[in-house]
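Chains, contacts and geometry: an overview
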Amino acid sequence: MVRYNALKGLYDLEKTIGCGGFAKVKLATHLATGEKVAIKIMDKQMLGEDLRRVKLELEALKSFSHENICQLHQIIETETHFFIIMEYCSGGELFDHIVEKNRLTEGESRMFFRQIVSAVAYLHSLGYAHRDLKPENVLLDKSQNLKLIDFGLCAKPQGGIESPLYTSCGSPTYAAPELILGQQYLGQEVDVWAMGVLLYALLAGSLPFDDLNIDNLYRKILNGKYEEPSFISKDSLSLIRSMLQVEPSKRIKVTELLDHHWITLGILEPVQYQARSSSMYDSDCVQIMAKFIDIDEKMMWNELSKWKFDYNTATYFLLSNKKKRGHSLKLN
Ligand SMILES: CN(C)C[C@H]1CC[C@H](N2C(=O)N(C)Cc3cnc4ccc(-c5cc(Cl)c(O)c(Cl)c5)nc4c32)CC1
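Just so you know, these numbers come straight off a predicted model, no measurement behind them. (Residues numbered from 1 in each chain as written. Predicted model: local features only at pLDDT ≥ 70, side-chain atom pairs only at ≥ 80, totals over all residues. Heavy atoms only, no water.)

Brief notes about the sheet that holds strand 1 (residues 11–20)
Quick reminder of the rule: Whether two strands pair comes down to DSSP finding at least two bridges between them. Here a strand is any run of E in DSSP of at least two residues, a helix any run of H or I of at least four, and the numbering for each starts at the N terminus. The axes are straight lines fitted to the C-alpha atoms, using for helices just the contacting stretch, and the angles between their N-to-C directions are given from 0 to 180°. We call two residues in contact whenever any of their non-hydrogen atoms come within 4.5 Å of each other.
The strand order across the open sheet formed by five strands is 1-2-3-5-4, and the pairing between neighbours is antiparallel. The sheet is open, and its two edges are formed by strand 1 and strand 4 (72–77), each paired on a single side. When strand polarity is set aside, the average angle formed by the axes of neighbouring strands in this sheet is 25°. Packed on one face of the sheet, helix 13 (residues 311–324) meets strand 1, strand 2 (23–30), strand 3 (35–43) and strand 4 and runs near 155° to strand 4.

Here it is, written out as C-alpha cells:
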C-alpha cells in the first residue's frame, strides 16, 4: 500500500473503489470522526493538459452545496499530488442498481429522477452545465439518495449559461445531436437531452440509442427515433419525448421539469433545488470541535465559516453527517 505523507494522521487509506482516467479513487477513514470518505488521488506528473480540467472541477466542487451533489470535504495539494476528499457513496452506481433490478417502476424512477432534476436545476442556477450526465456518474448513498459526480467536463461559460459552447465532450451514447454534429450548443439543452436518456434507462432498463458501431449510433441519435416499450406509460413516454427532441429549441426546459405533472404525480410537490442548509450553523458540532482544540466556539465558527476545505471543514461536514444519522458525536 503506497503511503502518502500528506494523509498521515488525517486519513487511513483502504481499498481502491475505482479508476477514472487520470485519477484513482480510494475508500478511506477520516481519523478524527471514524467516518468513511472517498479520496480521488491524482498524480500531477500524469495530468498534463488535464490539469486545467482538474482545476475546473475543484472550483466547481467548492461552490456546490446540494443534497444530490457529491459533497467535497477537503482538498490537499502537494508538490506531486492532488487529494480530493469527498463524501463516500456506499450505494454504488445508479447504473448497477438499474441492471440489478432489470428496470425500475414508474414510482421508483420518479423518486430518482426528481433528485436528478434537483441537482441539474441547482447546477444551472449557478451557471454550470454538467455535460456528462450518465448513470455511471450518478451514485447512491446508504439511504438511496442520489449523488451526482465527476464535474471534470462541467462548464461555466464566461457569458453565462446562455452562451454557446463548442467543445464536444462526454460519452456518445448520451450525447445530444447538436454535440455530435459539432455545432454550437447550450450546456443546459445538452443536459436535458442526457436527462431524457437517463429517464429512459430508469424506466426501460435499456438505452434509447445504442449500437456497437459508432456511425450507426450517431445516425440513430440524429434521427431521434427510439423504441417505446409497451410497459412504459403514455405519460412517461410523452415526458421522455419532450426531452429527446432532436431540435434543441424544441426540448423542454429544466425549469419546466420542476413542476411537470409527471414529476409531481402522487407527490404534488414541485422539485426544490436550492442549496442545502449545511452552510447553516450547527452549534453542537462547532462546540465539540472547539472543545477538542481548546478554543472558544466563536473562534471555531469564525475559522469554519471561511470554508477553506481543510481538515476542519472535513471534520465539520462529517460530524454533522454523523449527527444527522443520530450517532454519538465524539472526536478521536
Ligand atoms: C468512471 N469514473 C470516471 C470514475 C469512477 C471512480 C469510482 C467512483 N466510485 C465508484 O465507482 N463506486 C462504485 C464507489 C464510490 C463511492 N463513493 C464515491 C464518492 C465520490 C466519487 C467521485 C469520483 C470522481 Cl472520479 C469524481 O470526479 C467525483 Cl466528483 C466523485 N466516486 C465514488 C465512488 C465513481 C467514478
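The discussion continues.
Quick look at the nonpolar core
Grouped burial of nonpolar side chains is what soluble globular proteins tend to show. Put simply, the rule is: Think of a nonpolar core as a cluster: buried Ala, Val, Leu, Ile, Met, Phe, Trp, Tyr and Cys residues, connected wherever their side-chain atoms sit within 4.5 Å. Think of it in three bands: residues with accessible area under 20% of the maximum for their type are buried, residues over 50% are exposed, and the middle band is partly exposed, with areas taken using a 1.4 Å probe on protein chains only.
Residues F64, L94, F113, M195, L199 and M243 are the most contacted members of the largest nonpolar core, which totals 76 residues. Per-element accounting of this core gives the leading share, 12 residues, to helix 6 (residues 187–204). Filtering out sequence-adjacent residues up to four positions away, L199 remains in contact with F113, L239, I240, M243 and W262. One finds Y4, I39, V286 and Y311 within the second-largest nonpolar core, a separate group that totals 25 residues.

Some words on the packing of aromatic side chains
Test applied: Pairing of aromatic side chains requires ring centres within 6.5 Å, counting the rings of Phe and Tyr and the six-membered ring of Trp. Pairs whose planes differ by under 30 degrees are stacked, by over 60 edge-to-face, and all others tilted. Charge-over-ring placement is defined geometrically: NZ (Lys) or CZ (Arg) within 6 Å of the ring centre, and within 35 degrees of the ring normal.
Counted by the stated rule, this structure contains 13 aromatic pairs. Aromatic side chains Y11 and Y311 sit 5.5 Å apart centroid to centroid with 80° between the ring planes, which places their arrangement in the edge-to-face category. Note that Y11 is positioned in strand 1 and Y311 in helix 13, a separation of 300 residues in sequence. Under the relative-accessibility criterion, Y311 is labelled buried at 18%. Counting every residue linked through ring pairs, the aromatic cluster contains Y281, W301, W307, Y316 and F317. In this arrangement the basic side chain of R103 is found over the ring face of F231, its NZ or CZ atom lying 3.5 Å from the centre. For the cation-ring pair, R110 lies above W262, with the distance from its terminal atom to the ring centre recorded as 4.4 Å.

Points about the pattern of salt bridges
Quick note on the threshold: Within this document, salt bridges are pairs made up of a side-chain nitrogen of Lys or Arg and a carboxyl oxygen of Asp or Glu, the two lying within 4 Å of each other.
One pass over the structure, following the stated rule, counts 18 salt bridges. Of the charged contacts in the structure, one is a salt bridge between K36 and E14, with a shortest N-O distance of 3.2 Å. Here K36, found in strand 3, pairs with E14, found in strand 1; they are 22 residues apart in sequence, far enough to count as distant. Ionic contacts of the salt-bridge type, sharing partners, join the residues D282, D284 and K323 into one network.

Description of the site of the ligand
This is how the line gets drawn: Working definition: residue near molecule or strand if any one of its non-hydrogen atoms lies within 4 Å of it. Any pair of N or O atoms that falls within 3.5 Å is considered a polar contact. Within protein, one atom must be able to donate a hydrogen and the other to accept it, and sequence-neighbouring residues count only if both atoms are side-chain atoms. Accessible surface area values rest on a Shrake-Rupley calculation with a 1.4 Å probe, where residue burial reflects the displayed protein chains alone. Here the nonpolar group is Ala, Val, Leu, Ile, Met, Phe, Trp, Tyr, Cys and Pro; Asp, Glu, Lys and Arg are the charged ones; every other residue, Gly included, is treated as polar.
K40, E57, E87, C89 and D150 are the nearest of the 17 residues found near the ligand. K40 places a side-chain nitrogen or oxygen 2.8 Å from an oxygen atom of the ligand. At 3.0 Å from a nitrogen atom of the ligand is found a main-chain nitrogen or oxygen belonging to C89. About the coverage of the ligand: the protein hides 84% of its 660 Å² of free accessible area. Among the elements of the structure, strand 1, strand 3 and strand 5 (81–87) are those that each provide at least two residues to the shell around the ligand. The leading source of residues in the shell around the ligand is strand 1, at four residues. When the residues that make up the shell around the ligand are grouped by side-chain class, the tally is 10 nonpolar, two polar and five charged.

Section: the state of the cysteines
Put simply, the rule is: What counts as a disulfide here is a pair of cysteine sulfur atoms lying within 2.5 Å.
Evaluated as defined, the whole model comprises zero disulfides. Free of any disulfide, C19 has its nearest cysteine sulfur in C70, 17 Å distant. Its sulfur unpaired, C70 is 4.3 Å from the next cysteine sulfur, which belongs to C89.

With respect to unusual backbone geometry
One non-glycine residue with positive phi stands out, namely L268, at about 60°. Counting through the fold element by element, L268 comes out in the loop between helix 10 (261–264) and helix 11 (283–292). Backbone geometry places W307, a non-glycine residue, at a positive phi of 45°. Tracing the backbone through its elements, the reader meets W307 in the loop between helix 12 (297–304) and helix 13.

Some points on the sheet that holds strand 7 (residues 138–140)
With respect to topology, three strands assemble into an open sheet ordered 6-7-8, the strand pairing being antiparallel. Edge positions in the sheet fall to strand 6 (92–93) and strand 8 (146–148), since each has one partner strand and no second. Two strands pair when backbone bridges link them, and strand 6 and strand 7 are joined in this way by two bridges, in the antiparallel orientation. Considered in strand 7, the bridge of E93 is made with L139.

Examining the packing of helix 11 against helix 12
In plain terms, the rule: Here roughly perpendicular refers to angles of 65 to 115 degrees, roughly parallel to angles under 35, roughly antiparallel to angles over 145, and oblique to all remaining angles.
One can describe the packing of helix 11 onto helix 12 by two numbers: an axis separation of 8 Å at closest approach and a directional angle of 105°. One finds that helix 11 runs roughly perpendicular with respect to helix 12. Of helix 12, the residues touching helix 11 (which contributes S283, V286, Q287, M289 and A290) are E297, M300, W301 and L304. Here the residues of the contact of helix 11 with helix 12 are counted per class, giving six nonpolar, two polar and one charged.

Here we look at the packing of helix 11 against helix 13
Packed helices, taken two at a time, are described by the angle their axes make and the gap between the axes. The criterion, for reference: Each crossing gets its handedness from the near helix: less than a right angle anticlockwise from the far helix is left-handed, clockwise is right-handed.
Contact pair helix 11 / helix 13: the axes reach a minimum separation of 9 Å and the direction vectors enclose 130°. Taken together, the axes of helix 11 and helix 13 are oblique relative to one another. For the pair helix 11 and helix 13, the crossing hand works out as right-handed. Counting all contacts with helix 11, which are made through D284, C285, V286, I288 and M289, the residues of helix 13 involved are N312, T315, Y316, L319, S320 and K323.

The analysis is restricted to geometry; functional conclusions fall outside its scope.
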